[in-house]
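Observations on the three-dimensional arrangement
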Amino acid sequence: MTTPHDLDDRLRAELAALGAPDQRRDLGERLPDGGPLTGAQALALFDAQLTSRLLDLAGQWLHGFGEGYHTIESAGHEGNAAVAAALRPTDPALLHHRSGAFYCLRAAQAAGAFPAAPPPPAPPTPDPETAPDAAVDGSPGAVPGASSGVSPDEPAASSAQRATPASSAVSPAPSAVIPDPSATPALPDATHESHDLPAQRGTSQDPPIDPTSQEQRSALREPERSWSESAPMGAVSYQDLERPGAGGDAGQAGAVAAPGGASGRTNAAAGEAGSLPVGAGIVVDADGGATVGVPDLPPPAPDDAFAAAARDVLRGIVASAEEPAAGGRQKLFGRADLAVVPTAASAGSHLPRAVGLGLALERLRRGARPADGEPEAAAWPADAVVVCSFGDASVNHATVTAALNTAGWYDHTGLRIPVLFVCEDSCGSADGWVATTLRSRPGIRYFAADGTDVAESYRVAAEATAWVRRHRRPAVLHLGAVRLMGQGDGGEVRDPLLATARLLVTSGYAGGEELLSRYDERGWQLRRIAEEVLDEPKLASAVDVVRELAPRRPVRVSRAVADAAARAAGPGAGARAEAFGGKPPELTGPLTLAQSINAALADGMLDHPGMAVFGRGVAAGGGAHGVTEGLRDRFGAARVFDTPRDETSILGLGLGAGLAGMLPVPEIRYLAYLHSAEDQLRGEAATMRFFSRGAFRNPMVVRVAALAGEDGLGGNARNDNSVAVLRDVPGLVVAVPARPDDAAPMLRTCLAAARVDGSVCVFLEPAALYHARDLYTDGDGEWTAEYAEPGAWADRHVPIGRARVYGIGSSEDLTIVTFGSGVRMSLRAAATLAAEGVGSRVVDLRWLAPLPVADIIREASATGRVLVVDETRRSGGVGEGVLSALVDTGYVGAARRVAGLDSFVPLGPAARQVLVSEEAITQGARTLLAR
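The rules we used
- Residues numbered from 1 in each chain as written.
- Predicted model: local features only at pLDDT ≥ 70, side-chain atom pairs only at ≥ 80, totals over all residues.
- Heavy atoms only, no water.
- UniProt positions renumbered as here; feature names shortened; annotations may be inferred.
- Helix = DSSP H or I, 4+ residues; strand = E, 2+ residues; numbered from the N terminus.
- Buried < 20%, exposed > 50% of the residue type's maximum accessible area, 1.4 Å probe, protein only.
- Contact = heavy atoms within 4.5 Å.
- Areas by Shrake-Rupley, 256 points an atom, 1.4 Å probe, with all protein chains shown as cover.
- Polar contact = N/O pair within 3.5 Å; in protein donor to acceptor, adjacent residues only side chain to side chain.
- Pairing = 2+ DSSP bridges.
- Axes fitted to C-alpha atoms, helices over the stretch in contact; angles between N-to-C directions.
- Salt bridge = Lys/Arg side-chain N within 4 Å of Asp/Glu carboxyl O.
- Right-handed = clockwise from strand over helix to strand, strands pointing away.
- Phe/Tyr/Trp six-rings, centres within 6.5 Å; stacked < 30°, edge-to-face > 60°.
- Lys NZ or Arg CZ within 6 Å of the ring centre and 35° of its normal.
- pLDDT = per-residue confidence, 0-100.
- Parallel < 35°, antiparallel > 145°, perpendicular 65-115°, else oblique.
- Left-handed = near helix turned anticlockwise from the far one by under 90°.
- Nonpolar A, V, L, I, M, F, W, Y, C, P; charged D, E, K, R; others polar.
- Arc of directions from axis to C-beta.

- As recorded by an unreviewed UniProt entry, the chain carries the name 3-methyl-2-oxobutanoate dehydrogenase (2-methylpropanoyl-transferring) and is attributed to Micromonospora echinospora.
- Its UniProt record gives the chain the following Cofactor (unreviewed entry) comment, quoted word for word: "thiamine diphosphate".

The structure is reproduced here in structure tokens:
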């Protein structure tokens, strides 16, 4: 196991031993072997890698005296800087926690400090008599993969078997597809194979395009949110950083010739000047002798983009309140103006979101429209590629499997998802397992590169990125890495930082002593920055910590509901009448709970063009209990669609869609199915604002058929009554409508809160009440209700955290606090008690998080006797929260609880033995009244 001190000493010794290059080359020249990088680009990658390495050492140093709170290093993974270089700084990136070099390079890109490559030589003009017809793959109408005989679904084969000459591809004639001048230039299709990391090599021999050129970066840009609109308070845009060497040679990206450069005497004639290195200077002295010199390496600027990125990371390590991503709440990689989306990156839990974001970007690329008909401002460029990175151990995790499977499933169905998965393999898994797993994924193109070879990594990453950007299809880049400063240390031979240094020296761009000096200079720079951030303020109060957790602006939400009503009754009245076939729901008579939710979903989709309803069977099958019946016919398959039967992926699609600016409404068929996917709510959805200081958000309303029915149909799978895990998630809104006339306004509230505040809401729909019509006697129809016309929506608005109270009899003897199916049973029990002379008030909580505490206390104090009816379990159930609220606020009256047993719900009539019943409520009330 290598210690930070050992790693530093070893690197310094190796750098010093590299010596001087045999022949000095100018930084503007490409690698001597014709590689994809110039010297200036290789140097920038080295700067990103060494900055990342020094941040690891700084983190250990700070931790050593109790001021550093995060010690997960990126050492050995610095090859991901090449992946960043192959992308555009506007491509959304969801990174794992060993992405220091990627983050540093992305910062340099955004600041314009990553050098552009010189234009490649013009290709020879093909003979029209022999050249095959070819379509421009970059055009929207091109058939993905038409230029290659290799299908991403075919079984693994050798590199020789995979290689397909470009001339062998048969494509439609040029007239069949109109070339899109803004599309990314086409690259040859190539499947990169490797069996042994880190020795893998890509197979394509075609020269890659430089994806960082300004022309390509801006070719397909659409209007974006400005930095000032989306950035955290106090953050400085990387685009505002002064570019090093501004005004100098653009190809050198700020490389300024320093005195004392490598030089030699020559009497060469002027005609021989063409053989000199690009950028070389010639000085003629008084004796007529000429000196040819190539400048030394430009020194690191004291406040360049790498220093700014280092400040971001160090602020995270010391939990500074000025850290631009989470503001001291968490150490992670994230920043709005770098398009780096913060994520907890727990075992690949961010990958389902990345898939959802890719799917949403494709939908938005086809033109979503807001309610007023104006084009929606895109949060990301139209041709953006989503990149998400993860470690090799995460390949075995369920969330990664779900994400890869969903991406492949959608590709199989013909839907496009432009996602580049990057698996950084430090050989922690069984030999060959990661490559075998990734290569075998259907619908996902496989690329591989040795992450310790920065030139190869850049070339293969550029090809993979260009393939995804052109075809809008998923790919995986299997990037070799090594874990330094940890178990399984691969030693200095595979140190990516040292490998890049060797490349610079052997290519003639720098000497070992120069690179060592650069390492030391940057080290002292980071030491100074670390000392500065130590003096920055920390989060000093609970208010500071939770400020961005889940802001509530009830007045704005209420106004949003009123505005939706005005649109539905005014300019949208015609479209609404057409969508409902000329008979809107308010004219169809009393509705059940399921019918009311269906109508409210339709009204929501009419008002929110970015709203999408999706889940298992919601389109073709009408969803759970038929609640989404007819929505696909009204709004089309692009907005109402089926998903794979995987709840993790369903929620991940929602998370990505919300991040892209849509209003997702995923459906989970049954509450029991949610439990395998809860981390997508807890670790991803609920933390987005918390980890980004509000710069990013993922609005979402998750509909769930929930709770139990006394008939026990389907057993526990369809009757799960455990909601404790939802109430425990900070900031999550949990709604439980019991009646039809509450369901529609509560759903409108959730949609408005998601749109206004970015809220994540879980809408638990009591499955036992979906089709209920009667309350007291068969045929009374008292559990149905009229649907409110738009003019009444504002008056019947249900704010988050407000209960509903029913008075039975005198309402002076007993307060029953309940929710869901308990409301119907409690009203029946209250009627029985009223016949005995007992007056009750039944409080329907409606919201389980946040609880309507003020309403609970008011109604409890009115009678002094509280019966809590909780259809969830006794341990961890909602009733515990109600009783705690009573105790915390000083309630001194009597209280009793009727709750479900701590048991799973059995099949059939046995369910009645563990669930709350009307008889149990009546008996509990009598016992309480007898005290």
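1. With respect to the overall build of the chain
- Scanning the chain from N- to C-terminus turns up 30 helices and 21 strands.
- Across the 931 residues in the chain, those meeting the buried criterion constitute 58%.
- Of the contacts formed within the chain by residues at least 6 apart in sequence, a portion of 81% connects residues at least 24 apart.
- For the chain, the accessible area works out to roughly 35300 Å², and carbon and sulfur atoms hold 53% of it.

2. Let's talk about helix H13 (residues 496–506)
- When we look at burial in H13, the residues that qualify are Pro-496, Leu-497, Leu-498, Thr-500, Ala-501, Leu-504 and Val-505.
- Turning to H13, the residues buried within the fold contact helix H1 (4–17), helix H2 (39–64), helix H12 (454–471) and helix H14 (512–534).
- Here H13 starts with a cap whose side-chain oxygen sits 3.0 Å from the backbone nitrogen of Leu-497, and that cap is Asp-495.

3. Details of the side chain of Gln-109
- Relative to the elements of secondary structure, Gln-109 occurs in helix H4 (residues 100–110).
- Here Gln-109 falls in the buried class, since its relative accessible area comes to 6%.
- Within the structure, the side chain of Gln-109 is placed 3.0 Å from the backbone oxygen of Ala-84, a separation counted as a polar contact.

4. Overview of the environment of Gly-39
- Structurally, Gly-39 is set in helix H2.
- Taking the C-alpha atoms as reference, Gly-39 lies 7.2 Å from Leu-504; in sequence the two are 465 residues apart.
- Residue contacts for Gly-39: discarding those within four places in its chain leaves Leu-27, Glu-29, Leu-504 and Tyr-509.

5. Overview of the sheet that holds strand S13 (residues 700–706)
- Judged by pairing direction, the sheet is mixed, and its seven strands sit side by side in the order S11-S10-S12-S13-S15-S14-S19 without closing on themselves. In this open sheet, the two strands that pair with only one neighbour each are strand S11 (640–642) and strand S19 (847–849). Adjacent strand axes in the sheet meet at a mean angle of 20°, parallel and antiparallel pairs treated alike.
- Sheet topology note: the S13/strand S15 (residues 760–766) ladder contains seven bridges and is parallel. Looking across to S15, one finds that Met-700 is bridged to Val-760.

6. Observations regarding the pattern of salt bridges
- Using the criterion set out here, one finds 43 salt bridges in the structure.
- Its salt-bridge partner being Arg-88, residue Asp-383 comes within 2.6 Å of it at the nearest N-O pair. Here Arg-88 lies in the loop between helix H3 (80–86) and strand S1 (93–94) and Asp-383 lies in the loop between helix H9 (351–365) and strand S6 (386–391), a separation of 295 residues in the sequence. An identical accessibility class is assigned to Asp-383 and Arg-88; each is buried.
- Between Glu-362 and Arg-365 there is a salt bridge, and its shortest N-O distance comes to 3.0 Å. Placement of the pair is Glu-362 and Arg-365 together in helix H9, with a separation of three residues, close to one helical turn.
- Residues joined in a network through salt bridges with shared partners are Arg-739, Asp-741, Asp-742, Arg-804 and Arg-846.

7. What about the pairing of S15?
- When you tally the buried positions in S15, you get seven out of seven residues, the bulk of the element.
- Of the two faces of S15, the one lined by Val-760, Val-762, Leu-764 and Pro-766 and the one lined by Cys-761, Phe-763 and Glu-765 are each fully buried.
- The pairing of strand S14 (residues 733–735) with S15 spans three bridges and is classified as parallel. Note on S15: the bridge partner recorded for Val-733 is Cys-761.
- Each parallel crossover has a hand, and the one from S14 via helix H26 (residues 740–757) to S15 is right-handed.

8. A short note on the packing of aromatic side chains
- If you walk through the whole model with that rule in mind, you get seven aromatic pairs.
- Relative to Phe-65, the ring of Trp-61 has its centre 5.0 Å away and its plane inclined at 75°; by these criteria the two rings are edge-to-face.
- Take Trp-61: its relative accessible area is 30%, and that puts it in the partly exposed class.
- Ring plane angle 10° and centroid distance 5.1 Å describe the contact between Phe-614 and Phe-641, whose orientation is recorded as stacked. Linking Phe-614 in strand S10 (residues 611–615) with Phe-641 in strand S11, this pair joins segments that are 27 residues apart in sequence. Phe-641 matches Phe-614 in its accessibility class, with the two residues each being buried.
- The side chain of Lys-331 reaches across the aromatic face of Phe-333, ending 4.0 Å from its centre.
- Sitting above the plane of the Tyr-446 ring, Arg-439 keeps its charged end 4.9 Å from the centroid.

9. Here's the deal with the environment of Arg-739
- Among the structural elements, Arg-739 can be located in the loop between S14 and H26.
- Discounting chain neighbours no more than four positions away, the residues touching Arg-739 are Leu-593, Glu-782, Trp-783, Thr-784, Arg-804, Tyr-806 and Leu-827.

10. Examining the confidence of the model for the chain
- Per-residue pLDDT for the chain has a mean of 82; in total, 78% of the residues score no lower than 70.
- Predicted confidence for residues 128–236 stays below pLDDT 50, and this span has 215 contacts to residues more than four positions away or in other chains.
- Of the regions scoring below 50 in pLDDT, residues 370–378 engages in 17 contacts with residues more than four places distant in sequence or in other chains.

11. A word on the sheet that holds strand S9 (residues 475–480)
- Pairing within the open sheet is parallel, and its six strands lie in the order S5-S1-S6-S7-S9-S8. The open sheet terminates on both sides in strands that have one partner only, identified here as strand S5 (340–341) and strand S8 (445–449).
- Both S1 and S5 contribute to a ladder of two bridges, which runs parallel. Looking at S5, one finds that Leu-94 is bridged to Val-341.
- Set on the sheet, H9 makes contact with S1, S6 and strand S7 (419–425); between it and S6 the angle comes to about 165°.

12. A short note on the packing of H2 against H13
- At a minimum axis distance of 10 Å, the contact between H2 and H13 shows a crossing angle of 155°. As far as their axial angle goes, H13 and H2 are roughly antiparallel. Read as a crossing pair, H2 and H13 show a hand that is left-handed. Contacts from Gly-39, Ala-42, Leu-43, Phe-46, Gln-49, Leu-50 and Arg-53 of H2 reach H13 at Pro-496, Leu-497, Thr-500, Ala-501 and Leu-504.
- In terms of residue class, the contact of H2 with H13 is made up of eight nonpolar, three polar and one charged.

13. Quick word on the packing of helix H10 (residues 398–413) against helix H20 (residues 647–659)
- Where H10 meets H20, the axes come as close as 9 Å, and the angle between the chain directions of the two elements is 75°. Of the possible angle classes, the one that applies to H10 and H20 is roughly perpendicular. Of H20, the residues touching H10 (which contributes Thr-399, Ala-402, Thr-406 and Tyr-410) are Thr-648, Ser-649 and Leu-653.
- Here the residues of the contact of H10 with H20 sort into three nonpolar, four polar and no charged.

14. A few points about helix H29 (residues 878–888)
- Every buried residue of H29 is listed here: Val-878, Gly-879, Gly-881, Val-882, Ala-885 and Leu-886. Projected down its long axis, H29 shows its buried positions confined to an angular sector of 160°, all on one face. Of the residues in H29, the exposed ones pointing more than 90 degrees away from the buried face are Val-887 and Asp-888.
- Contacts made by the buried residues of H29 are with helix H25 (724–727), strand S17 (814–818), S19, helix H28 (853–863), strand S20 (865–873) and strand S21 (894–900).
- Phi turns positive, to about 85°, at Gly-890, one or two residues after H29.

15. Quick word on the pairing of S9
- Within S9, six of the six residues are buried, leaving the element largely enclosed by the surrounding structure.
- The side-chain alternation of S9 yields two buried faces, one formed by Ala-475, Leu-477 and Leu-479 and the other by Val-476, His-478 and Gly-480.
- Where S7 lies against S9, six bridges are found, and the strand directions are parallel. In the sheet register, Leu-420 faces S9, and the bridge partner there is Ala-475.
- With five bridges connecting them, S8 and S9 associate as parallel partners. By the bridge assignment for S9, Arg-445 is matched with Ala-475.
- Following the backbone out of S8, through H12 and into the adjacent parallel S9, one traces a crossover that is right-handed.

16. Quick notes on the environment of Arg-703
- Turning to its location among the elements, Arg-703 is positioned in strand S13.
- Given the relative accessible area of 1%, Arg-703 is considered buried.
- In this structure, the C-alpha to C-alpha distance between Arg-703 and Leu-764, residues 61 residues apart in sequence, is 6.2 Å.
- The residues touching Arg-703, leaving out its near neighbours within four places in the chain, are Ile-597, Leu-601, Val-627, Thr-628, Val-665, Pro-666, Glu-667, Ile-668, Phe-763, Glu-765 and Tyr-770.
- A polar contact of 2.7 Å, which involves the side chain of Arg-703, links it to the side chain of Glu-765.

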